There are 4 protein chains.
Amino acid sequence: MIVVMDGKSNEDDIRKISEKLKDMKFDLQIIKGSNKVVIGIIGDTRKLSNFPFNSYPGVIDVLRVLKPYKLASKEFRELPTIIKINDVAIGGKEVVLMAGPCAVEGEEQIYETAQMVSKSGVKVLRGGAYKPRTSPYSFQGLGIKGLKFMSEAAKKYGLLVITEVMSIEQIGIIEPFADIFQVGARNMQNFMLLKELGKTRKPVMLKRGMSSTIEELLLSAEYIMSGGNKKVILCERGIRTFENYTRNTLDLSAVPAIKVLSHLPIIVDPSHATGRKELVGPMSKAAIAAGADGLIIEVHPKPEASASDGAQSLDFDNFENLVSEVEQVAKAVNRTLDHSYVSV
Amino acid sequence: MIVVMDGKSNEDDIRKISEKLKDMKFDLQIIKGSNKVVIGIIGDTRKLSNFPFNSYPGVIDVLRVLKPYKLASKEFRELPTIIKINDVAIGGKEVVLMAGPCAVEGEEQIYETAQMVSKSGVKVLRGGAYKPRTSPYSFQGLGIKGLKFMSEAAKKYGLLVITEVMSIEQIGIIEPFADIFQVGARNMQNFMLLKELGKTRKPVMLKRGMSSTIEELLLSAEYIMSGGNKKVILCERGIRTFENYTRNTLDLSAVPAIKVLSHLPIIVDPSHATGRKELVGPMSKAAIAAGADGLIIEVHPKPEASASDGAQSLDFDNFENLVSEVEQVAKAVNRTLDHSYVSV
Amino acid sequence: MIVVMDGKSNEDDIRKISEKLKDMKFDLQIIKGSNKVVIGIIGDTRKLSNFPFNSYPGVIDVLRVLKPYKLASKEFRELPTIIKINDVAIGGKEVVLMAGPCAVEGEEQIYETAQMVSKSGVKVLRGGAYKPRTSPYSFQGLGIKGLKFMSEAAKKYGLLVITEVMSIEQIGIIEPFADIFQVGARNMQNFMLLKELGKTRKPVMLKRGMSSTIEELLLSAEYIMSGGNKKVILCERGIRTFENYTRNTLDLSAVPAIKVLSHLPIIVDPSHATGRKELVGPMSKAAIAAGADGLIIEVHPKPEASASDGAQSLDFDNFENLVSEVEQVAKAVNRTLDHSYVSV
Amino acid sequence: MIVVMDGKSNEDDIRKISEKLKDMKFDLQIIKGSNKVVIGIIGDTRKLSNFPFNSYPGVIDVLRVLKPYKLASKEFRELPTIIKINDVAIGGKEVVLMAGPCAVEGEEQIYETAQMVSKSGVKVLRGGAYKPRTSPYSFQGLGIKGLKFMSEAAKKYGLLVITEVMSIEQIGIIEPFADIFQVGARNMQNFMLLKELGKTRKPVMLKRGMSSTIEELLLSAEYIMSGGNKKVILCERGIRTFENYTRNTLDLSAVPAIKVLSHLPIIVDPSHATGRKELVGPMSKAAIAAGADGLIIEVHPKPEASASDGAQSLDFDNFENLVSEVEQVAKAVNRTLDHSYVSV
């Protein structure tokens, strides 16, 4: 960590902050430049994350050298983390497909979807039982009934289940039905929820908040990991910008960036990011080309009858096309996509 | 609500969507333009918030005419809502000051602060007992001990208490100690928490999310209000942009915009928004000039010793100056600021 | 175009605006809803782009149905525009590579680069002779000397030349040396420059401004096209967001979006967008997978000795790897990349 | 300037970069921390603005300590710059009002406006003769005819003239008619234009680009100043964010931030920033409370008949109210507003 002080700082100013830092057992090295004084702080400066540097006279700026997260960092673990659930491995050579409706709307809808997507190489069935809706007047999900439908449909067609958890109380309700907890973008910094998920043993897919930096996403992963649960899957789902043709701006650079900074797997959600079904195919291929470990895509037997997010849901035909196109791109970047029929 | 269809849409396309909407008891009016077909939908179109328009062939765009929130809207209630707690009225002619440390750090710190701010006309003592921190390694607050210190200090100096609630379980813990619940920016769309707060009877100050629109802020208020609790105070605390000199970009236009759209009171937080103590004074004055109903400001007896956010905390002398300057601006816009000593 | 008026508007308000519009020879259709009055305006509403709707009493909102650009739109021309320069076709089946240094720094540097990139299948040599630099104290380019070096090097190795034009006076200077004019992000809305380029006959590659929407990019293309020059190539090079790990956020969704909205070719610049050489490879592959018609990439014989933007420049080895990886992805999406040695 | 290297960097890596820097006559101080190696570079590091640090092995990050601009900085000149034009002083105790229509539309319109605003204490008449319009099909201004009308109207009512210059060729055309050149947001980084304006002797008001940081605004000012023209007035006019209720987000924090960083005067444009006439009043008051040196406001005799930007233009009655309200706020922050009738 580096503290930059005004060049006009006197000995007294420099001593004041130096002594405080020495008291905290840090080694210091002081550089007096022509215009500025620079103090290099040596030691585990993560302890200084709340230190009120700017309240000391003469301090102009503080430059962090060490990353603020640890367990999620590449420095901590160089090899990629591969999360295995039954015979599915997330973060390995195979690209993993997750698909399903935005919300579970009924038994027939989810069975039909599960059957279809299982034939296209999908390994994980997605579907919301509890829906975070911007408006209190929107459909809020079927709750436990939805969880049951989805869990049974998934079992029948040999799929895993991923579903969103929105509060601490829901953890216990969802756990028996789901293989992967999903934390939505709006809850990425719901730290109480993250802490509780750190105590569970099931994998957690953590979606990036709409205005969160990559660093903050990794810090939120750190919350779960520091609680004891190392099975964190990251998910890029678009950030908010001034562009309004797409619902959000899918930040695909986050994929290779996360591969540089972290060992955790990263999934891309092109459906929510774009909000337009005609863009889901191209962005799915782009995500895999950028190095994503998988995709989570909205599919609905009848998009025009869906209770939410119909604008971005693919029907079965479009989804099947997408999978075969994605498979070509996966091969081109030395990844595989197991497109064979899975079970039953 | 208005549906825009491609001019090349045939009768069949138009009939398909029209019949569905007529089934839902809407009146329709169809305009065939030179390049587009436009369908005007008449009725309470809030019911259509999830209708999958874009899945119908020919549909290009959907334009909403009605606001998606109701109880929070100016149309619902024309007169400003004034929230009265004991002898403090938020949303009336008087500008209300809330001040205190970012986090309660100890008994002495909070008593000293309470005493000082009460002399400067502050009516509400702020202070975090549970802190939402980006990093799991940062100071997370004193918890219930902090609540007790703050509550007793406030009582002694005739102040109300506002403090942040981060999860449903904390509601019951905090309620006996606080006069106003604060929902932080990161929880603005923690809908489960909002719903629970809708069942309480204490006022809730709802901070705008870092990437939330004004409309979404009002929709989150609607969650609390539709649950039965009408006492919602809004708070602008800065949004995320590319500018990095300030921590966030304080969107003061939101103040008069909310006065146009809603009847709810709006408070401004210049401390978190700017992250720089030298900007807190000017932005406080600007907020009041723009029409804010109050300010929430970080004050600390010794900013250089604070456990968090020292960079933006004012010391007592600076705070006293700020209050007297703000008072001048308040008068200039026909507001009052009760700067007299309140009690003991 | 649709005008939304307050439901409380009286006949007088409605008549006032209606008559004005009828005077302008528009057909109107008026829908009186429960809460709002809606006026549909039929005709070429592009003429109304400056009509002061909001100054009429009762008007709440104005919803545009027609796109504001015409020549650049898919409606105007359904087939993709293919721009042919000598034996290079931009916008066709072949993915076109443009590469070279950020700035021309000397004769040796540009010859070395031209030779190398020509062997890797690059068709267009890039390099700045006039550099738009944020700081007046930064290297501003070699000017006409740079143009000569680049033009001769390109000729020797069978390459086309693309270089940036920053002002009207430079058009005449650059024209003899360049095959494609480049308009940089900072000049995307330098409308005087766009108008002048509309009078030239050489292709123009128009980079998206850092805070410009896709629609505005197409409107800037319209400036050039309406002046008579139809040969416009669009370029996505990253937009500004709060994320700061990358220099900008590469908005790859813009690629398929532009393919939906326009017939013009679209090139992606992953070097400027990310500002980090380790991200250039993955984002190049992603761009092609998303449907881009080509790439423009910074390459430098010795990045560590470059006068500008060394952080994002690839050396020759890395570039060669990139090309062969991109070629695999191109094939996977049914595009070709002519990787053979071109000429001497 | 500080270079951060990987802690695993070997002596060779460190020597490589160190020797290069020593060759350039910099003094170095090297700190070997537990995880990183840090090199402090002492000297005028502005020369290193293009140094390709990241191309050296082991280099992770580069931290700038010195500000990249000089003439515009507070360090260069501590006292505020006051720009005097005839008897008007911009940057002094008096708040300066600039007002007028978006575009000069005709003789009568500009005379009527000049007469009216001169009575309300306005000192500078604004009005566009050349208009930068997003669409080539929008009204582009009256050109030289507009300049003449405006100049004569201003003379008659004792006002100064400010008008936008969009290209180098327009400088000579506009100079005889204008007292202040305005550079619009879209041209803030039109560096060729800035350089030419650096050679003129009339003041230049430089508007902040829609996605420009405060630092970049100051660097653009530096372009003009380093060319020899020190009379630069800055203008905050809103930046682009995801919020869409307002046209842009007025970043009022930029006002006190610029007062900390620079000695140049700063004007606020609430009309373009908000795009809504009902927000212009509150944001004008807020701007003055935040410390702005003046306002530039759109006024039109008949907003509903204006050729552009009617939605944000005030009529005369509203403008007069605004001025008297702003005057109260100006007094409250110890500024004056000369509201008396100026001349004929």
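Keep in mind that this is a model prediction, so the values were computed, not measured.

1. Describing the overall build of chain A
Within chain A, the secondary structure is distributed over 10 helices and 14 strands. With the C-alpha coordinates of chain A rotated into their principal frame, the extents come out at 75 × 45 × 40 Å. Put simply, of all contacts in chain A between residues at least 6 apart along the chain, 68% involve residues at least 24 apart. In the form shown here, chain A has an accessible surface area of approximately 11,700 Å², with 48% of it arising from carbon and sulfur atoms. When the 45 basic and 41 acidic side-chain charges of chain A are each reduced to a single mean position, those positions are 4 Å apart.

2. So, the relation of the copies chain D and chain C
Mapping chain D onto chain C is achieved by rotating through 180 degrees and translating by 0.0 Å along the same axis, at an RMSD of 0.1 Å. What we have between these two chains is a two-fold relation. Minimal C-alpha distance to the rotation axis in chain D is attained by serine 211 of chain D, lying at 2.8 Å. When the interface residues of chain D are mapped onto chain C, 100% of them again lie at the interface, so the same face is used by both copies.

3. Describing the packing of helix H2 (residues 107-119) of chain C against helix H3 (residues 144-156) of chain C
All names here are of chain C. One way to put it is that H2 packs onto H3 with a least axis distance of 9 Å and a crossing angle of 30 degrees. When the axis of H2 is compared with that of H3, the two are roughly parallel. In terms of crossing hand, the pair formed by H2 and H3 is right-handed. For the pair formed by H2 and H3, the contact residues are Glu107, Ile110, Tyr111 and Ala114 on the first element and Phe149, Met150, Glu152, Ala153 and Lys156 on the second. The residue makeup of the contact of H2 with H3, split by class, is 6 nonpolar, no polar and 3 charged.

4. Some details on the interface of chain D and chain C
Taken together, the 50 residues of chain D in the interface contact 50 residues of chain C. Buried surface at the junction of chain D and chain C, both sides included, amounts to about 4,100 Å², of which 50% is carbon and sulfur. Run the count over chain D and chain C and you get 2 salt bridges. Among the ionic pairs, glutamate 216 of chain D bridges to arginine 240 of chain C, the shortest N-O distance being 2.5 Å. One can count 17 residue pairs in polar contact (both at pLDDT 80 or more) joining chain D with chain C. A per-element tally of the side of chain D that touches chain C places helix H6 (residues 214-226) of chain D first, with 5 residues. Each residue belonging to the side of chain D that touches chain C can be placed in one class, and the counts come to 19 nonpolar, 20 polar and 11 charged.

5. Comments concerning the sheet that holds strand S2 (residues 27-32) of chain C
All names here are of chain C. Taking strand neighbours across the sheet as the criterion, the 4 strands line up as S2-S3-S1-S4 in an open arrangement whose pairing is antiparallel. Only two strands of the sheet have a single neighbouring strand rather than two, namely S2 and strand S4 (59-63). Sheet twist, expressed as the average angle between the axes of neighbouring strands with direction ignored, equals 20 degrees. Bridging between strand S1 (residues 2-6) and S4 involves 4 bridges; their strand directions are antiparallel. From the neighbouring strand, valine 4 faces S4, where its bridge partner is aspartate 61. Along the sheet face, helix H1 (residues 11-23) touches S1, S2, strand S3 (36-42) and S4 and points at about 160 degrees away from the line of S2.

6. Considering the packing of aromatic side chains
In this structure the tally under the stated criterion is 12 aromatic pairs over all chains. A ring pair is formed by phenylalanine 191 of chain B and tyrosine 223 of chain B, whose centres lie 4.7 Å apart and whose planes are at 20 degrees; its orientation type is stacked. Pair noted here: phenylalanine 191 of chain B is in helix H5 (residues 191-197) and tyrosine 223 of chain B is in helix H6 (residues 214-226), with a separation of 32 residues, a long-range link. The burial state of phenylalanine 191 of chain B is the same as that of tyrosine 223 of chain B; both residues are buried. Cluster of aromatic residues (ring-pair linked, three or more members): Phe51, Phe53 and Tyr56 of chain A. The aromatic ring of tyrosine 245 of chain A is capped on one face by arginine 276 of chain A, whose charged end is 3.8 Å from the ring centroid.

7. Side note on the pattern of salt bridges
Evaluation of the coordinates by the stated rule reveals 55 salt bridges over all chains. We note a salt bridge from lysine 199 of chain A to glutamate 196 of chain A, for which the minimum N-O separation is 2.9 Å. Taking the relative accessible area as the measure of exposure, glutamate 196 of chain A reaches 26% and is therefore partly exposed. One salt bridge in this structure joins lysine 285 of chain D and glutamate 325 of chain D, with 2.6 Å as the shortest N-O distance. With lysine 285 of chain D in helix H9 (residues 277-290) and glutamate 325 of chain D in helix H10 (residues 316-332), the pair connects residues that are 40 residues apart, well separated along the chain. Overall, glutamate 325 of chain D belongs to the partly exposed group, its relative accessible area being 36%. Salt bridges sharing common partners tie together Arg208, Glu236 and Asp251 of chain A together with Glu243 of chain C.

8. Some points on the interface of chain B and chain A
With 50 residues of chain B at the contact, the number on the chain A side is 50 residues. At the boundary of chain B with chain A, total buried surface from both sides reaches about 4,100 Å², with 50% on carbon and sulfur atoms. The tally of links from chain B across to chain A stands at 2 salt bridges. The interface formed by chain B and chain A holds 17 residue pairs in polar contact (both at pLDDT 80 or more) in total.

9. Brief notes about H2 of chain C
Residues and elements named next belong to chain C. Taking 1.5 Å of rise per residue, the 13 residues of H2 would be expected to cover 18 Å, and the 19 Å separating its terminal C-alpha atoms lies within 8% of that figure. Considered for burial, the residues of H2 that qualify are Gln109, Ile110, Thr113, Ala114, Met116, Val117 and Ser118. Contacts made by the buried residues of H2 are with strand S7 (96-100), strand S8 (124-126), H3 and helix H10 (316-332). Positive phi shows up at glycine 121, right after H2, with a value of about 95 degrees.

10. What about the sheet that holds strand S11 (residues 204-207) of chain C?
Residues and elements named next belong to chain C. On the basis of which strands lie adjacent, the closed barrel formed by 8 strands has the order S7-S8-S9-S10-S11-S12-S13-S14 and parallel pairing. Across the sheet, the axes of successive neighbouring strands diverge by a mean angle of 25 degrees, strand direction being ignored. Note that S7 and S8 share 2 bridges and pair parallel. Looking at S8, one finds that methionine 98 is bridged to valine 124. Where H2 meets the sheet, it contacts S7 and S8, and its direction lies at approximately 145 degrees from that of S8.

11. Some details on the relation of the copies chain B and chain A
Superposition record for chain B on chain A: RMSD 0.1 Å, screw rotation 180 degrees, translation along axis 0.0 Å. Same-surface contact between copies: 100% of interface residues of chain B are shared with the interface of chain A.

12. Let's talk about the pairing of strand S11 (residues 204-207) of chain D
Residue and element names in this part refer to chain D. Burial along S11 is two-sided: the face carrying Val204 and Leu206 and the face carrying Met205 and Lys207 are both buried. When strand S10 (residues 180-183) meets S11, the two strands line up parallel, connected through 3 bridges. Following the sheet pairing, glutamine 182 is matched in S11 by methionine 205. Summarising the sheet, S11 and strand S12 (residues 232-236) pair through 4 bridges and their orientation is parallel.

The rules behind the values
Residues numbered from 1 in each chain as written. Chains lettered and ligands numbered in written order. Predicted model: local features only at pLDDT ≥ 70, side-chain atom pairs only at ≥ 80, totals over all residues. Heavy atoms only, no water. Helix = DSSP H or I, 4+ residues; strand = E, 2+ residues; numbered from the N terminus. Contact = heavy atoms within 4.5 Å. Areas by Shrake-Rupley, 256 points an atom, 1.4 Å probe, with all protein chains shown as cover. Lys, Arg positive; Asp, Glu negative; His and termini not counted. Charge placed at Lys NZ, Arg CZ, Asp CG, Glu CD. Least-squares fit on C-alpha atoms with pLDDT ≥ 70 in both. Axes fitted to C-alpha atoms, helices over the stretch in contact; angles between N-to-C directions. Parallel < 35°, antiparallel > 145°, perpendicular 65-115°, else oblique. Left-handed = near helix turned anticlockwise from the far one by under 90°. Nonpolar A, V, L, I, M, F, W, Y, C, P; charged D, E, K, R; others polar. Buried area = accessible area lost by both parts, 1.4 Å probe. Salt bridge = Lys/Arg side-chain N within 4 Å of Asp/Glu carboxyl O. Polar contact = N/O pair within 3.5 Å; in protein donor to acceptor, adjacent residues only side chain to side chain. Pairing = 2+ DSSP bridges. Phe/Tyr/Trp six-rings, centres within 6.5 Å; stacked < 30°, edge-to-face > 60°. Buried < 20%, exposed > 50% of the residue type's maximum accessible area, 1.4 Å probe, protein only. Lys NZ or Arg CZ within 6 Å of the ring centre and 35° of its normal. Expected span 1.5 Å × (residues − 1).

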